[in-house]
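# Structural overview for review
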Amino acid sequence: MTLEIVSSNKSFGGWHKRYKHRSSSLNCDMVFAVYLPPQAEKGAKLPVLYWLSGLTCTDENFMQKAGAQRIAAELGLIIVAPDTSPRGEDVPDDANGAYDFGLGAGFYVNATQEPWARHYRMYDYAVQELPALIEANFPVSEKRGIAGHSMGGHGALICALKNPGRYQSVSAFSPIANPVNCPWGEKAFSNYLGEDRSRWREWDASLLIAEAGEKLPILVDQGDRDDLLDGQLKPQALEAAAKAAGHPLTLRMQPGYDHSYYFIASFIEDHLRHHAEALAG
């Protein structure tokens, strides 16, 4: 598959690059970002961390705002950040241009309802297509981690929980932890998946954790001044489900922090070291 370079910037001795390609699972052109630490130029195969971003984001937000490159360069960790939804003139969007559905809001599910099903298959893209592309074109090892923020935190958790053995590490910032019971999730799932709520269960981390085929330790950071905490994110549901299932979860409520990238930047080093330790094991 052909990769078209979009941009390239040196960062902490490595390179931040953006690439465009045609996605078969999403039926559109997609752009993703990759940070290649200095060790990538020395022939070593390095572990890779997939970062899934939140509502309204693209591949650019995390790479520009989180400050992850310095630690990734130290740890020899490749970071890959896809877009958050399919893009293009033929890709349907919310009729009213809402920020929480359609473009920029793929929710990392495989849509089954029209007109969304042809393009909105972000789960397949994040779990299968993009990693295959990365592994064919970059010096990555078989070690994979996955992380994300908000909608992307939801994505990271479900990708890990639904695919035992595929990832060696998982973490999330402010994840939408119980989407079947929050307005964002209800809106997205009813449109992408239909009104049958039983079909929503396979895309909810707080429900999946009870039947997870692997007890991969989960790290979650959540700000206690997050305006979305009780209405949309519901970390207490994930915490209760993990406790009931005996699933290792470290949920850190961080006093004074909100939902922004200032919060992510404050704790991204902890998450990168969490992943690097597991990926080196």
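Residues numbered from 1 in each chain as written. Predicted model: local features only at pLDDT ≥ 70, side-chain atom pairs only at ≥ 80, totals over all residues. Heavy atoms only, no water.

On to the sheet that holds strand E7 (residues 169–173). Taking strand neighbours across the sheet as the criterion, the nine strands line up as E1-E2-E3-E5-E4-E6-E7-E8-E9 in an open arrangement whose pairing is mixed. The sheet is open, and its two edges are formed by strand E1 (4–11) and strand E9 (249–254), each paired on a single side. Taking the axes of each pair of neighbouring strands and ignoring which way they run, one obtains an average angle of 20 degrees across the sheet. Relative to E7, strand E6 (residues 140–149) runs parallel, the two being bridged by five bridges. Residue pairing for E7: Gly 148 is matched across the bridge by Ala 172. Strands strand E4 (46–52), strand E5 (78–82), E6, E7, strand E8 (218–223) and E9 of the sheet are contacted by helix H9 (residues 261–280), whose axis makes an angle of about 170 degrees with E7. (Pairing = 2+ DSSP bridges. Helix = DSSP H or I, 4+ residues; strand = E, 2+ residues; numbered from the N terminus. Axes fitted to C-alpha atoms, helices over the stretch in contact; angles between N-to-C directions. Contact = heavy atoms within 4.5 Å.)

Turning to the UniProt feature "active site" (unreviewed entry) in the protein, a few remarks are in order. The UniProt record annotates "active site" (unreviewed entry) at Ser 150, Asp 226 and His 259. Taken along the chain, the residues just named run across 110 residues; in space they keep tight, none of their C-alpha pairs more than 11.0 Å apart. Checking the annotated residues one by one, the ones that line the largest pocket turn out to be Ser 150 and His 259. Residue placement: Ser 150 occurs in the loop between E6 and helix H4 (151–162). Overall, the relative accessible area of 3% leaves Ser 150 in the buried class. When sequence neighbours within four positions are dropped, the list of residues in contact with Ser 150 reads Gly 54, Phe 173, Ser 174, Pro 175, Ile 176, Trp 184, Leu 233 and His 259. Note that Asp 226 resides in the loop between E8 and helix H7 (229–233). Given a relative accessible area of 5%, Asp 226 falls into the buried group. (UniProt positions renumbered as here; feature names shortened; annotations may be inferred. 1 Å grid on protein atoms, 1.4 Å probe; cavity = no way out; pocket = protein on both sides within 12 Å on 5 of 7 lines; lining within 4 Å. Buried < 20%, exposed > 50% of the residue type's maximum accessible area, 1.4 Å probe, protein only.)

Further remarks concern the pattern of salt bridges. Scanning the entire structure with this criterion turns up 15 salt bridges. With a shortest N-O distance of 3.7 Å, Arg 199 and Asp 196 are connected by a salt bridge. Exposure remark for Asp 196: the relative accessible area of 37% places this residue in the partly exposed category. Through salt bridges with shared partners, one network takes in Arg 70, Glu 74, Glu 269 and Arg 273. (Salt bridge = Lys/Arg side-chain N within 4 Å of Asp/Glu carboxyl O.)

Attention now goes to the environment of Pro 164. With respect to the element layout, Pro 164 can be found in the loop between H4 and E7. When the C-alpha positions of Pro 164 and Asp 124 are compared, they lie 16 Å apart, and in sequence the two are 40 residues distant. The contacts of Pro 164, once residues within four sequence positions are left out, are Gly 213 and Glu 214.

Mapped onto the elements, His 21 comes out in strand E2 (residues 14–23). A polar contact of 2.9 Å, which involves the side chain of His 21, links it to the side chain of Tyr 125. (Polar contact = N/O pair within 3.5 Å; in protein donor to acceptor, adjacent residues only side chain to side chain.)

This structure, assessed with the given rule, holds 18 aromatic pairs. For the ring pair Phe 263 and Phe 267, a centre distance of 5.7 Å and an interplane angle of 65 degrees mean the geometry is edge-to-face. Of this pair, Phe 263 and Phe 267 both sit in helix H9, four residues apart, which is roughly one turn of the helix. When sorted by exposure, Phe 263 lands in the same class as Phe 267, which is buried. Among the aromatic side chains, those forming a connected cluster through ring pairs are Trp 51, Phe 62, Phe 173, Tyr 257, Phe 263 and Phe 267. The aromatic ring of Trp 203 is capped on one face by Lys 162, whose charged end is 4.4 Å from the ring centroid. (Phe/Tyr/Trp six-rings, centres within 6.5 Å; stacked < 30°, edge-to-face > 60°. Lys NZ or Arg CZ within 6 Å of the ring centre and 35° of its normal.)

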